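The lines below spell out each chain.
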2 protein chains.
Amino acid sequence: MSDNEKQKNILQEVRQLFTAYLEKNGQRRTSERYTILEEIYLRSDHFDAEELYVHLRNRNFNISRATVYNTLELLVASDLVTKHQFGKNQAQFEKSYGYKQHDHIICIDCRKVVEFCDPRIQQIQAMVGEILNFKITHHSLNLYGICGSCQIKRSKKEDAK
Amino acid sequence: MSDNEKQKNILQEVRQLFTAYLEKNGQRRTSERYTILEEIYLRSDHFDAEELYVHLRNRNFNISRATVYNTLELLVASDLVTKHQFGKNQAQFEKSYGYKQHDHIICIDCRKVVEFCDPRIQQIQAMVGEILNFKITHHSLNLYGICGSCQIKRSKKEDAK
DNA sequence: ATAGTTGCAAAAGCTTTGCAGTATG
DNA sequence: CATACTGCAAAGCTTTTGCAACTAT
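For clarity, every value in this text was computed on a predicted model and none was experimentally measured.

1. Some thoughts on the side chain of A:Thr71
- Mapping A:Thr71 onto the fold places it in helix H4 (residues 65-77).
- Here A:Thr71 is in contact with A:Phe18, A:Arg33 and A:Ile36, once residues within four sequence places are set aside.

2. Structural notes on the packing of aromatic side chains
Residue and element names in this part refer to chain B.
- Enumeration over the complete set of coordinates arrives at 4 aromatic pairs over all chains.
- Residues Phe18 and Tyr34 carry aromatic rings whose centres are separated by 5.7 Å and whose planes lie at 65° to one another, so their mutual orientation is edge-to-face. Residue Phe18 is found in helix H1 (residues 3-24), and its partner Tyr34 is found in helix H2 (residues 31-42); the two are separated by 16 residues along the sequence.
- In this structure Phe18 comes out as buried when scored by relative accessible area, which is 0%.
- Judged by relative accessible area, Tyr34 falls into the buried class, the value being 15%.

3. Topic: helix H3 (residues 49-58) of chain A
Residue and element names in this part refer to chain A.
- Every buried residue of H3 is accounted for by Ala49, Leu52, Tyr53, His55 and Leu56. With its buried residues spanning 165° around the axis, H3 presents them on a single face.
- Buried positions along H3 lie against helix H2 (31-42), strand S1 (47-48), H4 and strand S3 (92-95).
- In this structure Asp48 caps H3, since a side-chain oxygen of it lies 3.1 Å from the backbone nitrogen of Glu50.

4. Overview of helix H5 (residues 120-132) of chain A
All names here are of chain A.
- Under the 1.5 Å per step criterion, the end-to-end length of H5 is 18 Å for 13 residues, consistent within 8% with the ideal 18 Å.
- Taken as a whole, H5 has its buried residues at Arg120, Ile121, Ile124, Gln125, Val128 and Gly129. For H5, the angular spread of buried residues about the axis comes to 165°, placing them on one side. Along H5, the residues that are exposed and aim more than 90 degrees away from the buried face are Ala126 and Glu130.
- Remark: Asn133 follows H5 within two positions and exhibits a positive phi of approximately 60°.

What counts and what doesn't
Residues numbered from 1 in each chain as written. Chains lettered and ligands numbered in written order. Predicted model: local features only at pLDDT ≥ 70, side-chain atom pairs only at ≥ 80, totals over all residues. Heavy atoms only, no water. Helix = DSSP H or I, 4+ residues; strand = E, 2+ residues; numbered from the N terminus. Contact = heavy atoms within 4.5 Å. Phe/Tyr/Trp six-rings, centres within 6.5 Å; stacked < 30°, edge-to-face > 60°. Buried < 20%, exposed > 50% of the residue type's maximum accessible area, 1.4 Å probe, protein only. Arc of directions from axis to C-beta. Polar contact = N/O pair within 3.5 Å; in protein donor to acceptor, adjacent residues only side chain to side chain. Expected span 1.5 Å × (residues − 1).

Right under this line is the structure:
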């Protein structure tokens, strides 16, 4: 199956999942909501609400900020989108269906975000949840540091002194 | 040594550390900055900028929000205070000197925050940093779920149906 | 003396809300 | 056809900034 076909499959699946969620929760299936879902799943990695809003305007969809925020909330609630706070006061979002669980490492200089996986986190999550009697639904692990290219930039600055 | 004496010791130590930081970075040692440092170290756990500001006003310190924010930034930079984003759009802070490294588990119902430690996180941090060539400075691991008492509340709601 | 800090208030930036009109079930 | 949803603009909150007064060095 080609990558293109895979993407079409995923799109179809998330549409179905979203429909199921909306029906189950007595919410209407509006064209705006499906447009937003699709734009997110056609797009790449991480984005914020404003970026998504501008992106939709550029594509000539007349969808307001209010609807973008409203729909993002629904998508987070339906587990199709994940919300992150990478230390700024602006939430970042990411499609989550069809992606394996992962965490993030963030460059504190250039704000680049890289993903990584480590199975031990699941174990920690399970163990800590049991000890403290929490029913854990999700987690967020962010590592912060300086990426390779920013390390080089910094050492050049040092040399210049 | 009594707890009271321990706290006095810690206060003295953080004041010295803060002084060292300010001197090293050519910043002035103002009374406002030390007042804020002390209030944070006399206070308990987690707080946000506004809480701290109100707390200071209540104690008849005439310190502005601007100074609170400015000083919090210095304290974070000097590693005496840690900044968190627990999913809301408001940063939370916490004193960090004299406390062993820990992470947080947050109840998504009542927003209660509990601390926990797991040495494996340090290992993950070191390993991932090496693989991805990041110089890691810090991390943030948050587990989200439902705490014991909120689990009971939820099951009572179910029963009521 | 003089540049960094402060308090105040205004501004900025992200997100939510109120309202009148629209479209879904 | 009832009412949830939408777009728009205004309001709400947290955080930042501009400025005149102040003060640590």
